[in-house]
Amino acid sequence: MSTNFYKKAEFIKSITSLKEAPQKKLIEVLFVGKSNVGKSSLINSLTNNKKLAYTSSKPGHTRLLNYYLIEDSFYFVDAPGYGFSARKDGDYVFYDNIIEKYFDSNDNLKLIIFLLDSRRKPNDDDDLFYKFMQAYEYPHLIVMTKCDKLNMSMKAKIKTNLEDRFGEINYDNLLMVSINDKLSVANLKEKINQSIGYKGK
């Protein structure tokens, strides 16, 4: 029976250029979203290791592509958050350069985890990245984070908010997740495994 989290995970390296990417080529699962949406916290929950990915209450902390080796079989890649920075101009140039190059003909990228804060409507930055992601046609999951903080009325508005911003959505690829709900994290883990063809436990 599959466990609720990945048992083996280790930080490999942070990079500022794709020339620095790990030499060992494996399947990659990219976590991307607005700053402070919860990418690092979700990676920690999926691996049951609160210290694996550094988390910060300050938006814009992750400025590198961070690689984590999962079960000796594939990488989680934590991308810089978009949409905020105290040094906005410099960060956007950095983000555009490294992300566009990362997406360009990346044979290792098999899944994008596109995170959105379930408490808020998608904004212009989310829309721009969604269209950017769609243009490359990589498989993706839309993961709504912090769902434990929603009341019933807010939950009912999620799909309307997504459709108003993005248009038609494939709801088979939409997951409601909270790091405080182990079952929702386990469901995401299983969806990742199915999407990348990982058969391990």
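A quick note: this is a predicted structure, and the numbers were derived from the prediction, not measured.

1. Side note on the environment of S41
Then step 1. Looking at where S41 falls in the secondary structure, it is placed in helix α1 (residues 39-47).
Then step 2. Overall, S41 belongs to the partly exposed group, its relative accessible area being 24%.
Then step 3. For the pair S41 and L52, spaced 11 residues apart in sequence, the C-alpha separation works out to 9.1 Å.

2. Re the sheet that holds strand β3 (residues 65-70)
Then step 1. Strands sit in the order β1-β3-β4-β2-β5-β6-β7 across an open sheet of seven strands; the sheet is mixed. In this open sheet, the two strands that pair with only one neighbour each are β1 (9-15) and β7 (174-176). Averaged over neighbouring strand pairs, the angle between their axes works out to 25 degrees when direction is ignored.
Then step 2. Packing of helix α3 (residues 124-136) onto the sheet brings it into contact with β2 (27-33), β5 (109-117) and β6 (140-145), and relative to β5 it is tilted by some 165 degrees.
Then step 3. Sheet strands in contact with helix α5 (residues 182-196) are β2, β4 (74-78), β5, β6 and β7, and its direction is about 150 degrees off that of β5.

3. Focus on unusual backbone geometry
Then step 1. Of note in this structure, N48 is not a glycine but carries a positive phi near 55 degrees.
Then step 2. Positionally, N48 belongs in the loop between α1 and β3.
Then step 3. On the accessibility criterion, N48 (53% relative accessible area) is exposed.
Then step 4. Unlike most non-glycine residues, K146 shows phi in positive territory, near 60 degrees.
Then step 5. When you line up the elements, K146 lands in the loop between β6 and α4 (152-166).

4. A word on the environment of E28
Then step 1. Mapping E28 onto the fold places it in strand β2.
Then step 2. Once residues lying within four places of it in the same chain are set aside, the contact partners of E28 are Y67, Y75, V77, Y102, N106, N108, L109, K110 and L111.

5. Overview of α4
Then step 1. Its 15 residues place the ends of α4 22 Å apart at the C-alpha level, agreeing with the 21 Å of an ideal helix rising 1.5 Å per residue.
Then step 2. At I158, α4 shows its maximal bend, which comes to roughly 35 degrees.
Then step 3. By the burial criterion, the buried members of α4 are I158, N161, L162 and F166.
Then step 4. Capping the start of α4 is the job of one residue whose side-chain oxygen sits 3.1 Å from the backbone nitrogen of S153: N151.
Then step 5. After α4 finishes, the residue G167 shows a positive phi value of roughly 85 degrees.

6. Observations regarding α5
Then step 1. Its 15 residues place the ends of α5 21 Å apart at the C-alpha level, agreeing with the 21 Å of an ideal helix rising 1.5 Å per residue.
Then step 2. Buried residues of α5: S184, V185, A186, L188, K189, I192, N193 and I196, and no others.
Then step 3. Elements that come into contact with the buried residues of α5 comprise β2, α1, β4, β5, β6 and β7.
Then step 4. Backbone geometry just downstream of α5 places G197 in the positive-phi region, at approximately 75 degrees.

Conventions and cut-offs
- Residues numbered from 1 in each chain as written.
- Predicted model: local features only at pLDDT ≥ 70, side-chain atom pairs only at ≥ 80, totals over all residues.
- Heavy atoms only, no water.
- Helix = DSSP H or I, 4+ residues; strand = E, 2+ residues; numbered from the N terminus.
- Buried < 20%, exposed > 50% of the residue type's maximum accessible area, 1.4 Å probe, protein only.
- Pairing = 2+ DSSP bridges.
- Axes fitted to C-alpha atoms, helices over the stretch in contact; angles between N-to-C directions.
- Contact = heavy atoms within 4.5 Å.
- Expected span 1.5 Å × (residues − 1).
- Bend = angle between axes of the 7 residues up to and from the residue.
- Polar contact = N/O pair within 3.5 Å; in protein donor to acceptor, adjacent residues only side chain to side chain.

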